[in-house]
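A look at the structure
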Amino acid sequence: MSSLPPATALRAPTILMFDSGLGGLSVFRELARARPDARFIYAADDAAFPYGALSEDALVARVMAVMDRLIARTAPDAVVVSCNTASTLVLPPLRARFAIPFVGTVPAIKPACESSLTREVSVLATPGTVRRDYTQKLIQDFAGDCHVTLVGSTRLAPLAEAAMRGEEVSNAEIAAEIAPAFVREGRSRTDTVVLACTHYPLLLDRLKQVAPWPVRWIDPAAAIARRLSSLVGPVAFASNPAPMRLFSTGRPLDAALVERIGGRRSRSGEILDMEASAPA
Ligand code: DGL
């Protein structure tokens, strides 16, 4: 009779998470809960932040170059692109180049439109994400009779970075960025806002505080954690998970800050040298 291997025989997966900055940590919080066994690597391409301002060609070239170096250095079992601005564009070339699984983060338009009662849904994202064909396709395929308002904010991701670093960010600045997501159409008004940039859930308490009226905020992090977990197999036993390894392209990531947001011990930040030639 066949039997399952003992839990201790399972190998803990190595998972690389990637964003332009600290935003991917909003996804990491859920992944860390779902996979207490995993070795995590968190990489922020902060030298190119914000991704929302880059042209599509520049963004594809940049992400491929960063990923070449990161994958060669860390040999992950799977990669989570915890950035909507990148995922809505670069998943096909990444999957074509590397043989490991990539999990993306894309606007949660389907669940938002399934659950909206007023049929007024807004998508709060970067200017890059709202321009994408990918986002238009999600609306065509899943909005049904919902009216979807796309709001591309230039400032909300930088404000989230500043707030996470403990800098003063006023309620008025945040309120101005989210105001266009609150729409009244006749007797109906927005009841659901999709957080389609991973930086935004980091500001959720502030968003709720300044919102003109209460709405459902849709954060895809838990769904991404379930998807990743199903790809990398059953949880291996781990009573004391390895500290997370941190990479960035500009300034070293602050391990204490990452621990506070992400909830897992981290090593000191390492710099990923983008000037050095890419591995063959
Ligand atoms: N966190 C990224 C996202 O989910 C975007 C931030 C940026 O513009 O770099 O879209």
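Anything mentioned here points back to the structure above.
In short, a report on the structure. All values reported here derive from a predicted model rather than from experimental measurement. (Residues numbered from 1 in each chain as written. Predicted model: local features only at pLDDT ≥ 70, side-chain atom pairs only at ≥ 80, totals over all residues. Heavy atoms only, no water.)

**Examining the sheet that holds strand 4 (residues 102-104)**
Ordered by their spatial adjacency, six strands build an open sheet running 4-3-1-2-11-12, and the pairing between neighbours is parallel. Bordering the open sheet on either side are strand 4 and strand 12 (270-271), each of which pairs with just one other strand. (Pairing = 2+ DSSP bridges. Helix = DSSP H or I, 4+ residues; strand = E, 2+ residues; numbered from the N terminus.)

**A closer look at the side chain of Asn-84**
As for its placement among the helices and strands, Asn-84 is situated in helix 3 (residues 84-97). Here Ala-196 takes part through its backbone oxygen, which lies 3.2 Å from a polar atom of the side chain of Asn-84. Apart from the residues within four sequence positions on either side, Asn-84 is in contact with Thr-105, Val-106, Pro-107, Thr-129, Ala-196, Cys-197 and Thr-198. (Polar contact = N/O pair within 3.5 Å; in protein donor to acceptor, adjacent residues only side chain to side chain. Contact = heavy atoms within 4.5 Å.)

**Overview of the site of the ligand**
The environment of the ligand is formed by 14 residues, the closest being Ser-20, Tyr-51, Thr-85, Thr-198 and His-199. Between Asn-84 and the ligand, the recorded distance is 2.8 Å, taken from a backbone N or O atom to an oxygen atom. Between a nitrogen atom of the ligand and a side-chain N or O atom of His-199, the distance comes to 2.8 Å. Expressed as a share of its isolated accessible area of 300 Å², the protein-covered part of the ligand is 99%. (Near = heavy atom within 4 Å. Areas by Shrake-Rupley, 256 points an atom, 1.4 Å probe, with all protein chains shown as cover.)

**Digging into the pairing of strand 9 (residues 192-195)**
Residues Thr-192 and Val-194 of strand 9 are buried on one face, and the alternating residues Val-193 and Leu-195, pointing to the opposite face, are buried as well. As a crossover connection, the stretch from strand 9 through helix 9 (residues 204-210) into strand 10 (residues 216-218) is right-handed. (Buried < 20%, exposed > 50% of the residue type's maximum accessible area, 1.4 Å probe, protein only. Right-handed = clockwise from strand over helix to strand, strands pointing away.)

**Brief notes about helix 2 (residues 56-74)**
Helical geometry note: an α-helix holds 3.6 residues per turn, so side chains three or four residues apart project in the same direction. Under the 1.5 Å per step criterion, the end-to-end length of helix 2 is 26 Å for 19 residues, consistent within 8% with the ideal 27 Å. When helix 2 is considered as a whole, its buried residues turn out to be Leu-59, Val-63, Met-64, Val-66, Met-67, Asp-68, Arg-69, Leu-70, Ile-71 and Thr-74. Those residues of helix 2 that are buried are in contact with strand 1 (14-19), strand 2 (39-44), strand 3 (78-81), helix 3, strand 4 and strand 11 (245-248). (Expected span 1.5 Å × (residues − 1).)

**Thoughts on the pairing of strand 5 (residues 120-125)**
Most of strand 5 is tucked away: six of the six residues are buried. Burial along strand 5 is two-sided: Glu-120, Ser-122 and Leu-124 and Val-121, Val-123 and Ala-125, pointing in opposite directions, are all buried. Sheet analysis places strand 5 next to strand 6 (residues 147-152), joined by six bridges and oriented parallel. Across the sheet, residue Ala-125 finds its bridge partner in strand 6, namely Gly-152.

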